[in-house]
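# Geometric and topological summary
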Amino acid sequence: MASHNLPDTGFLRRLAAAAAAETLPLFRSPSLIENKDAGGFDPVTAADKQAEAAIRALIEQEFPDDGIIGEEFGAVRQTSPHVWIIDPIDGTRAFISGLPVWGTLVGLKVEGKATIGFMSQPYTGEFFVADGETSQLLREGQAPVRLSTRKHQTISEATVFTTTPALFSGKTREAYDRLERKVRLARYGCDCYAYAMLAAGFADIVIEPGLNAYDIAALIPLIEQAGGVVTTWDGGNAVEGGDVIAAASPQLHAAALDIFNG
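Residues numbered from 1 in each chain as written. Predicted model: local features only at pLDDT ≥ 70, side-chain atom pairs only at ≥ 80, totals over all residues. Heavy atoms only, no water.

## Considerations on the sheet that holds strand E8 (residues 126-130)
Here is the rule we go by: For two strands to count as paired, DSSP must find a minimum of two bridges between them. The helix and strand labels rest on DSSP assignments: H or I over at least four residues marks a helix, E over at least two residues marks a strand, and numbering proceeds from the N terminus. Contact definition: two residues touch when any of their heavy atoms are within 4.5 Å. To get an axis, fit a line to the C-alpha atoms, keeping to the stretch in contact for a helix; angles then go from 0 to 180 degrees between the N-to-C directions.
Spatially, eight strands are ordered E4-E3-E5-E6-E7-E8-E9-E10 in an open sheet, and the strand pairing comes out mixed. Unpaired on one side and paired on the other, strand E4 (74-76) and strand E10 (145-146) mark the two borders of the sheet. As defined by bridge partners, strand E9 (residues 135-138) adjoins E10 across two bridges and the pair is classed as antiparallel. Note on E10: the bridge partner recorded for Gln136 is Arg146. The sheet strands contacting helix H1 (residues 9-23) are strand E5 (82-90), strand E6 (103-110), strand E7 (113-121), E8 and E9, and the helix crosses E8 at an angle near 145 degrees.

And the structure:
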């Protein structure tokens with residue numbers, strides 16, 4: 001069956017293009033914003049729904065036996081060996097604020113392992129993709145760039161990203177603050193773009209609490225196939241989300257967790 005073969009980069013680019021056709025016309029323009037969370041602010045735009053629908057339609061056409069998990073429309077065939085995990089706009093708050101650090105995330109989990117994935121930022125024209133072996137940055141009209149994490153950073157030289165320290169509370173906030181005091185630079189609010197910059201060698205650690213599978217599944221292969229490490233805070237498989245840390249090297253990953261869990 002087609003679903004037993006890994007998709008090529010051409011198919012992944014078709015998914016990204018289908019999503020971009022829905023997201024770009026609405027970026028930095030008035031669009032309907034709904035609130036998913038009655039108890040707070042969790043925005044969803046028309047672009048989110050339309051982009052996910054477009055991605056799902058292509059997957060259903062090409063790989064009809066594969067599972068699909070999406071942020072906006074839920075899950076089908078979750079027990080399939082091949083499961084696609086979709087976040088049509090990771091960084092909806094950035095999207096509605098006009099900041100181009102959002103992205104479309106699509107990952108493929110094979111037998112429980114995040115194997116292939118991409119982060120597409122159509123406004124900047126950047127397509128960060130892991131094909132199962134290597135990670136690359138693809139841009140129209142330019143040669144592919146092989147992505148590689150920084151390998152020689154120590155904690156004291158490191159740049160750490162997190163969405164906001166406000167997401168940490170109690171003991172985990174103390175742990176995050178302890179880590180931030182040890183690093184050279186901390187940056188906030190970059191959503192999936194932070195993970196892409198880690199894969200590209202411009203950042204060293206990303207640490208986040210309470211992620212969903214669709215927030216991280218596409219980014220795990222992007223970082224791992226560039227030489228980095230992505231796990232939960234207890235060192236487990238992060239493909240289902242949870243409390244997640246990504247680092248540029250195994251050594252930096254271990255050192256950061258020692259501080260954080262100390």
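After presenting the structure, the write-up continues.
## Some thoughts on the nonpolar core
Quick reminder of the rule: The criterion is simple. A nonpolar core is a set of buried Ala, Val, Leu, Ile, Met, Phe, Trp, Tyr and Cys residues joined through side-chain atoms within 4.5 Å. Categorising residues by exposure relies on relative accessible area from a 1.4 Å probe, with only protein chains included: less than 20% of the type maximum marks a residue as buried, more than 50% marks it as exposed, and the intermediate range marks it as partly exposed.
Counting 59 residues, the largest nonpolar core has Phe128 and Ile207 as the members making the most contacts within it. Once residues lying within four places of it in the same chain are set aside, the contact partners of Phe128 are Gly117, Phe118, Met119, Gln136, Leu137, Leu147, Tyr193, Ala196, Met197 and Leu222. Leu12, Ala51, Val110 and Phe127 belong to the second largest nonpolar core, which has 23 residues in total.

## Quick look at the packing of H1 against helix H2 (residues 46-62)
Our working definition: Note that the term roughly parallel is reserved for angles under 35 degrees, roughly antiparallel for angles over 145, roughly perpendicular for angles of 65 to 115, and oblique for everything else. Helix crossings get a hand from a simple test, with the near helix turned counterclockwise from the far one by less than a right angle marking a left-handed crossing and a clockwise turn marking a right-handed one.
It is at 8 Å that the axes of H1 and H2 come closest, and there the two elements cross at 150 degrees. In terms of orientation, H1 lies roughly antiparallel with respect to H2. You can see that H1 and H2 cross each other, and the crossing is right-handed. Of H2, the residues touching H1 (which contributes Phe11, Arg14, Leu15, Ala18, Ala19, Glu22 and Thr23) are Ala47, Gln50, Ala51, Ala54, Ile55, Leu58, Ile59 and Glu62.

## Examining the environment of Ala18
Mapped onto the elements of the fold, Ala18 is located in helix H1. A sequence separation of 39 residues divides Ala18 from Ala57, and the C-alpha atoms of the two residues are 9.7 Å apart.

## Quick word on the sheet that holds strand E15 (residues 241-247)
Two orientations exist for strands paired in a sheet by backbone hydrogen bonds: parallel and antiparallel. Read across the open sheet, the five strands follow the order E12-E11-E13-E15-E14; overall the sheet is mixed. Two strands in the sheet have a free side with no partner beyond their single neighbour: strand E12 (185-188) and strand E14 (229-232). Taking the axes of each pair of neighbouring strands and ignoring which way they run, one obtains an average angle of 20 degrees across the sheet. Along the sheet, helix H4 (residues 171-182) makes contact with strand E11 (159-162), E12 and strand E13 (205-212), crossing E12 at roughly 130 degrees.

## Section: H2
To keep it simple, the criterion reads: Multiplying one less than the number of residues by 1.5 Å gives the expected span of a helix.
Helix length check: H2, at 17 residues, gives a terminal C-alpha distance of 25 Å against a target of 24 Å (1.5 Å per residue), a fit within 8%. Turning to H2, its buried residues are Ala47, Asp48, Ala51, Glu52, Ala54, Ile55, Arg56, Leu58 and Ile59.

## With respect to the layout of surface pockets
Picture a little ball the size of a water molecule; that probe, rolled over the atoms, points out where space is still empty. This is how it is decided: Here a cavity means grid points, on a 1 Å grid over the protein atoms only, where a 1.4 Å probe fits yet cannot get out; a pocket means an open set of points with protein on both sides within 12 Å along at least five of seven lines; lining residues are those with an atom within 4 Å of a point. Grid points are joined across faces, edges and corners, and a volume is the space filled by probe spheres set on the points. Three classes are used, and their members are as follows: Ala, Val, Leu, Ile, Met, Phe, Trp, Tyr, Cys and Pro are nonpolar, Asp, Glu, Lys and Arg are charged, and the others, Gly among them, are polar.
For the second largest pocket, the calculated volume is near 200 Å³. Taken together, Arg13, Ala16, Ala17, Ala20, Ser120, Pro122, Gly125, Glu126, Phe127, Leu138, Arg139 and Glu140 form the lining of the second largest pocket. Secondary structure elements with two or more residues in the lining of the second largest pocket: H1 and E8. Looking at the lining of the second largest pocket element by element, the count peaks at four residues for H1. Here the residues of the lining of the second largest pocket are counted per class, giving six nonpolar, two polar and four charged.

## A short note on the packing of aromatic side chains
The description of two aromatic rings rests on the distance between their centres and on the angle between their planes. For the record, the criterion: Pairing of aromatic rings covers Phe, Tyr and Trp, the last counted by its six-membered ring, and requires centre-to-centre distances within 6.5 Å; plane angles under 30 degrees mean stacked, over 60 mean edge-to-face, and any other angle means tilted.
The full count for this structure, using the stated rule, is 13 aromatic pairs. Considering the side-chain rings of Phe168 and Phe260, the 6.3 Å spacing of their centres and the 65 degrees angle between planes classify their relative orientation as edge-to-face. You can see Phe168 sitting in the loop between E11 and H4 and its partner Phe260 sitting in helix H8 (residues 250-260), a full 92 residues away along the chain. On the accessibility criterion, Phe260 (5% relative accessible area) is buried. Each residue in the set Phe27, Phe95, Trp102 and Tyr123 is aromatic and connected to the rest through ring pairs, giving one cluster.

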